[in-house]
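These are the residues of each chain, in order.
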Amino acid sequence: MSSANTNKQILLKKRPDGPLTTDLFELAEAALPSPGTNQFLVRAEWLSLDPFMVGRMRAEANYAQGVQLGEVMQASAVGRVIESNNGEFPVGNLYVGMFGLQEYAVSDGSNVSLEVDPGRAPASLSLGILGMPGMTAYFGLLKAGEPREGETVLVSACGGPVGSLVGQIAKIKGCRAVGITSVEAKRRYAIDEFGFDEVVLYKDDQGNPLPKAALTERIGSACPDGVDVYFDNVGGDIYDATLPNFNIRGRIVVCGRVAAATLSDSSQDVGPRDNSTILVKRLRKQGFLVADYAPDKVEALDQLTAWLEEGSVRHREDVVDGIERAPEAFIRMMRGDNRGKQLVRLDPARNE
Ligand SMILES: NC(=O)c1ccc[n+]([C@@H]2O[C@H](COP(=O)([O-])OP(=O)(O)OC[C@H]3O[C@@H](n4cnc5c(N)ncnc54)[C@H](OP(=O)(O)O)[C@@H]3O)[C@@H](O)[C@H]2O)c1
């Protein structure tokens, strides 16, 4: 726990180049910040660890500005307003914002994405199924993937918050849902808890990735009628292995590229060219960013909340306690050792 009036922070110390390690980060203590004109101070209660953070750690240009060395690592969080000079963000209210990996943050509201209603659902869900990952699955599948009843939807990283919801929404829409994941424990809960029809492991019993041809065959056996929608959360060799299994006019939703996280930059992310398959099978391959759908977020959140309340969808959280554990938990999640939405819980009574 912090001593009074300090703000523990996780700073970016080095840029990644190869496997992610905890020494890329540094724990620091700063003075508690004060809000200026039109600003407010939040005390973070939940920190979210998400794959997009890898992109923010790199020097390479991305769809959003990255973190400079020595700066607080960017991350989403749920924070409660404890001091405010901005009438739109009153003391006591809870918000989701890009508050960073730190215990306290000053904001003017421009980095806030959602107001949290803890009376409706636990606040942590606003970082998972009722937040950015939930909306990613919702819009990515329904607007970019356009699944039709009776089709087969394949999704990678199917044990995480995005992939597990893609499978569940696919089932709601009358599709066959097939997942891809790394280990039997995740395969089991994807089937038992999330209702996937089948889940393919892309690693063998020793934890080594299967040769592409073997994975293509496994995917083919799990999708006997072919693949109509592939919701790609990872890219890399798994993407290549899906190509022979597509049906004519299949859709590929390019949502994430976790498999490239250990490369120094995206110029190293090379694979077989896919134009031939795309042409012959008339596939549609679409990049997807959840931020593009921000104007429609109320629609998604109302629908996801209704499905959650009626028990049509489920979620899983993997929680660690204390900001000190954020780097280790982030790396665990990127390695695939998380068992649901990766969160850090902070003690709301600290500094009181
Ligand atoms: N485009 C957008 O707007 C948007 C928004 C939100 C999220 N996303 C993307 O959605 C994807 C899923 O996010 P999430 O929060 O639900 O993450 P997550 O599934 O909780 O965690 C990432 C997972 O990726 C898998 N993985 C790690 N290394 C891999 C590798 N080398 N090859 C294949 N899989 C690997 C692991 O699962 P396994 O054990 O299954 O391998 C790991 O658990 C991420 O790519 C994220 O960037 C995109």
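Our structure's up above, just so we're on the same page.
Overview of the structure. (Residues numbered from 1 in each chain as written. Predicted model: local features only at pLDDT ≥ 70, side-chain atom pairs only at ≥ 80, totals over all residues. Heavy atoms only, no water.)

### Section: the pairing of strand S15 (residues 341-345)
Definition in use: Each residue is assigned to one of three classes by its accessible area relative to the maximum for its type, calculated with a 1.4 Å probe on protein chains only: buried under 20%, partly exposed between the two thresholds, exposed over 50%. Secondary structure is summarised from DSSP: a helix means a run of H or I of at least four residues, a strand means a run of E of at least two, and numbering begins at the N terminus for each. Strands pair, by our definition, only if DSSP identifies at least two bridges between them. Place the viewer so that the strands point away; then a crossover is right-handed whenever the path from the first strand over the helix to the second strand goes clockwise.
With four of its five residues buried, S15 lies for the most part within the structure. As paired strands, strand S3 (residues 40-48) and S15 are joined by three bridges and run antiparallel to one another. Each bridged residue has a counterpart across the sheet, and for Leu47 the counterpart in S15 is Val344. Here strand S14 (residues 317-321) pairs with S15 via five bridges, running parallel. Bridged to Val320 within S15 is Val344. Running through helix H9 (residues 326-335), the crossover from S14 to the neighbouring parallel element S15 is right-handed.

### Brief notes about the site of the ligand
So the rule is basically this: When we say a residue is near a molecule or strand, we mean one of its heavy atoms is within 4 Å of it. Polar contact is the term for a pair of N or O atoms within 3.5 Å; when the atoms are in protein, one must be able to donate a hydrogen and the other to accept it, and sequence-neighboring residues count only if both atoms are side-chain atoms. Accessible surface area values rest on a Shrake-Rupley calculation with a 1.4 Å probe, where residue burial reflects the displayed protein chains alone. Only Asp, Glu, Lys and Arg are considered charged in this grouping, and only Ala, Val, Leu, Ile, Met, Phe, Trp, Tyr, Cys and Pro are considered nonpolar; every other residue, Gly among them, is considered polar.
Taken together, the neighbourhood of the ligand is formed by 26 residues, with Thr181, Ser182, Lys186, Tyr202 and Asn233 sitting nearest. Within the backbone of Phe288, a nitrogen or oxygen atom sits 2.8 Å from a nitrogen atom of the ligand. When the ligand is considered free in solution it has 910 Å² of accessible area, and contact with the protein chains removes 90% of it. Contributing elements (two or more residues each) for the shell around the ligand: helix H2 (132-145), helix H3 (161-172) and H9. Looking at the shell around the ligand, its residues break down into 16 nonpolar, eight polar and two charged.

### Re unusual backbone geometry
Of note in this structure, Arg249 is not a glycine but carries a positive phi near 65°. Mapped onto the elements, Arg249 comes out in strand S12 (residues 246-254). For Arg249, a relative accessible area of 53% corresponds to the exposed category. With phi around 50°, Arg282 is a residue other than glycine that occupies positive phi space. Mapping Arg282 onto the fold places it in the loop between helix H7 (275-281) and strand S13 (284-287).

### Some remarks on helix H8 (residues 297-309)
The condition is simple: Multiplying one less than the number of residues by 1.5 Å gives the expected span of a helix. The directions from the helix axis to the C-beta atoms are what the arc is built from. We call two residues in contact whenever any of their non-hydrogen atoms come within 4.5 Å of each other.
Taking 1.5 Å per residue, 13 residues should reach 18 Å; H8 reaches 18 Å between its end C-alpha atoms and fits that length. Among all positions of H8, only Ala300, Leu301, Leu304, Thr305 and Trp307 are buried. The arc that holds the buried residues of H8, viewed along the axis, is 160°, so those residues lie on one side. Exposed positions of H8 whose direction lies more than 90 degrees from the buried face are Val298 and Glu309. Residues of H8 that are buried make contact with strand S7 (112-116), H2 and H3. Just past H8, the residue Gly311 takes up positive phi, approximately 80°.

### Quick notes on the nonpolar core
Test applied: Residues enter a nonpolar core if they are buried and are Ala, Val, Leu, Ile, Met, Phe, Trp, Tyr or Cys, with the set joined through side-chain atoms within 4.5 Å. An automatic or database domain assignment is the source of the domain bounds shown.
If you look at the biggest cluster of nonpolar residues, it comprises 46 residues, and the most contacted ones within it are Val78, Leu141, Val166 and Phe196. Secondary structure elements with two or more residues in this core: strand S5 (94-97), S7, H2, strand S8 (152-156), H3, helix H4 (184-192), strand S11 (227-232) and H8. Top contributing element to this core by residue count: H2, with six residues. Residues lining this core come from more than one domain, with at least three contributed by each of domain 1 (6-128 + 315-345) and domain 2 (132-292). By size, the runner-up hydrophobic cluster in this structure holds 35 residues, among which are Leu47, Met53, Val54 and Ala329.

### What about the packing of aromatic side chains?
Threshold: Two aromatic rings, drawn from Phe, Tyr or Trp (for Trp, its six-membered ring), form a pair once their centres lie within 6.5 Å of each other, and the interplanar angle then sorts them: stacked below 30 degrees, edge-to-face above 60, tilted otherwise. For a lysine, the NZ atom is tested; for an arginine, the CZ atom; a charge sits over a ring if that atom is within 6 Å of the ring centre and within 35 degrees of the ring normal.
For the coordinates displayed, the defined rule picks out nine aromatic pairs. Consider the rings of Phe89 and Tyr95, whose centres lie 4.9 Å apart with planes at 65°: the pair is edge-to-face. Taken as a pair, Phe89 and Tyr95 share a single burial class, namely buried. Judged by centre distance (4.9 Å) and plane angle (10°), the rings of Phe139 and Tyr293 are stacked. Of this pair, Phe139 sits in helix H2 while Tyr293 sits in the loop between S13 and H8; the two residues are 154 residues apart in sequence, bridging distant segments of the chain. Take Phe139 and Tyr293: they sit in the same class, and that class is buried. Members of the aromatic cluster, joined through ring pairs, are Tyr138, Phe139, Phe288, Tyr293 and Trp307. Residue placement shows Arg316 over the ring face of Tyr189; its charged tip is 3.7 Å from the ring centre.

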